[in-house]
Amino acid sequence: MNEQSPHTPSRRKVLRTTAAAAGTGLGIGALGSVTAEAAAAAPAAAPSTAAAAPRRKGATMAGVPFAGRSTVRVGLIGLGNRGGSMIGLYLALPWVRVVAVCDPVREKAERAAAKVVAAGQPAPAVYTHGEDDYENLCARSDVDFVHVATPWDSHFPIARAAMLAGKHVGVECPVAMRLDELWELVDLSEQTRRHCMQLENCCYGRNEMRVLRMAHAGKFGRLLHGAGAYNHDLRALMFSPTYYEGPWRRRWHTQLRGDLYPNHGFGPVANYMDVNRGDRAVSISSFGTPALGLAEYREEHMPPGDPSWKESYIGSDRTISLVQTAKGRVIRLEHDVSTPHPYSRINSLGGTRGVFEDYPERIYLEPDHKDDRWGDFAAYAGEFDHWLWKEHANPPGGHGGMDYIMVYRLMQCMQLGLPPDFDVYDAATWTAPVPLSNASIKANGAPQEIPDFTRGEWRKARSGVDSVKPA
């Protein structure tokens, strides 16, 4: 969508009028802390988090199925790089109809509408009248699901509007930027009985789904530790005048010092460890390096007088966080988009019987391997590849096919009336490191408590991404 600062009035007027509805008082400065020792010693109680959780205003959404329907009608909001690339995946599914598209940049919306017509579907409704026209799309009676692919600061108000209008909503990462916003999304999902999901495509990567099934089969023994990251050199893209619609993503590095994009690393490892399904994330401690990379890149590549010279970067070039779970496990998260390095999400899992590490993929399990030599991860494909990857061996779309697998599975759950593979509690948990890592870095690494967004439901085992193929 159009260029946005984190302080854009049209966005913040929504936040000011809705933040109080969460009723939590859980601003970053108000958070308590919990030590790893305390979490491991009394995993079931987690008393300070229980005290911090606001009173539930509706029933839990954990395990709640969609209402089945023969056709799933979709509206897409935000049609830039991400939204524009996703529309074709919906059009590839015969039981899905794209009925509405929205972007304040008319050319982007019209290109998306043309794709719908070219696919043989009726022309969708087009919403291009300003940054708030998404409200009119959400108000339509013929939309079942809203896909949000806009700049980060608009994710929360759009997800909120969608649920209040009776729509299920999927949001690109991260789902929101503040803790009170995360609580309000949880409350709204429970009150409206509509699912709000983080569209975390990395949970559907082939390697991630294979490791997940191996973990659940006990191949790693008792799980101990994992790691995930978003280490991706984005300097050229963040300074590009055309790649993003304005400098909104770069400007977040002038606002927060923490992990701005934890979901790609956190989501898969949380799935391995059944976070919110038998375990939960209890606390996070974060540390950040100086912010030097973006300024150095600007000095070498941007001409004098470019608007970026007015920016002062405070976002740590590399943020490293340690998340403790209620069962005493440790998850390491990393974020670095400001320095030169090859792409890596780390994607590691270790237990009492061995370890997997990605980038490059390698595995060491007892008794399969010995002499401290890495084994061949591909040898486990036949037995442990997820049924989705066996059914769709060469999926279309970007990111190695994980985007298509995600869309296919979500739309399948909506059509068949199944619970989604992950829900608003996962969205809130996987996004909580955004504000909490910032708070921890400000407090010299002091642990920050991760709220129990499930309000105790995490103790109950339930299915997730490691799903059974529907009959």
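Keep in mind the model is a prediction, meaning the values are calculated, not measured. (Residues numbered from 1 in each chain as written. Predicted model: local features only at pLDDT ≥ 70, side-chain atom pairs only at ≥ 80, totals over all residues. Heavy atoms only, no water.)

Enquirer: I'd like to hear about the overall build of the protein chain, residue by residue, with values.
Expert: Helix and strand counts for the protein chain come out as 18 helices and 14 strands. Sorting the 471 residues of the protein chain into buried and exposed places 59% on the buried side. (Helix = DSSP H or I, 4+ residues; strand = E, 2+ residues; numbered from the N terminus. Buried < 20%, exposed > 50% of the residue type's maximum accessible area, 1.4 Å probe, protein only.)

Enquirer: Give a description of the pattern of salt bridges that names residues and reports values.
Expert: Oppositely charged side chains can pair when the atoms bearing their charge come close. The full count for this structure, using the stated rule, is 31 salt bridges. Taking the shortest distance from any N to any O, the salt bridge between Asp423 and Arg462 comes out at 3.0 Å. Taken together, the positions of Asp423 in the loop between α16 (402-416) and α17 (424-431) and Arg462 in the segment after β14 (448-449) put the pair 39 residues apart, joining distant regions of the chain. Arg462 gets classed as partly exposed once you look at its relative accessible area, which sits at 22%. A cluster of three or more residues bridged by salt bridges with shared partners is formed by Arg56, Asp187, Glu190 and Arg455. (Salt bridge = Lys/Arg side-chain N within 4 Å of Asp/Glu carboxyl O.)

Enquirer: I'd like to hear about helix α5 (residues 106-118), residue by residue, with values.
Expert: With 13 residues, α5 extends 18 Å from end C-alpha to end C-alpha; this agrees with the ideal 18 Å at 1.5 Å per step. Within α5 the residues assigned to the buried category are Lys108, Ala109, Ala112, Ala113 and Val116. Relative to the axis of α5, the buried residues are bounded by an arc of 135 degrees and lie together on one face. Across from the buried face of α5, at angles greater than 90 degrees, the exposed residues are Arg111 and Ala118. In the core, the buried residues of α5 are packed alongside α4 (81-91), β2 (96-102) and β3 (125-127). (Expected span 1.5 Å × (residues − 1). Arc of directions from axis to C-beta. Contact = heavy atoms within 4.5 Å.)

Enquirer: Give me the confidence of the model for the protein chain: which residues, what numbers.
Expert: With 89% of its residues at a pLDDT of 70 or more, the protein chain has an overall mean of 90. Predicted confidence for residues 1-51 stays below pLDDT 50, and this span has 111 contacts to residues more than four positions away or in other chains. (pLDDT = per-residue confidence, 0-100.)

Enquirer: Outline the pairing of strand β5 (residues 168-171), supporting the account with residue identities and numerical values.
Expert: Residue alternation in β5 divides its side chains into two sets, His168 and Gly170 and Val169 and Val171, and both sets are buried. With 4 bridges joining them, strand β4 (residues 145-148) and β5 adopt parallel strand pairing. When the sheet's bridge partners are listed, Phe145 is paired in β5 with His168. Handedness of the crossover is the feature at issue here: the chain leaves β4, passes through helix α7 (residues 155-164), returns alongside β5, and the resulting connection is right-handed. Pairing analysis gives 3 bridges linking β5 to strand β6 (residues 196-198), with the strands arranged parallel. Residue pairing for β6: Val169 is matched across the bridge by Cys196. Once you follow β5 into helix α8 (residues 179-192) and on to β6, the crossover reads as right-handed. (Pairing = 2+ DSSP bridges. Right-handed = clockwise from strand over helix to strand, strands pointing away.)

Enquirer: I'd like a description of the sheet that holds strand β9 (residues 319-325), backed by residues and values.
Expert: Across the sheet, 8 strands lie side by side as β13-β12-β11-β7-β10-β9-β8-β14; this open sheet has mixed pairing. In this open sheet, the two edge strands, each paired with only one partner strand, are β13 (362-365) and β14. Looking at chain direction, β9 and strand β10 (residues 330-336) are connected through 6 bridges and run antiparallel. In the strand pairing of β10, Gln324 is matched with Val330. Seen against the sheet, helix α18 (residues 433-442) touches β8 (281-288), β9, β10 and β14 and runs at an angle of roughly 55 degrees to β8. (Axes fitted to C-alpha atoms, helices over the stretch in contact; angles between N-to-C directions.)

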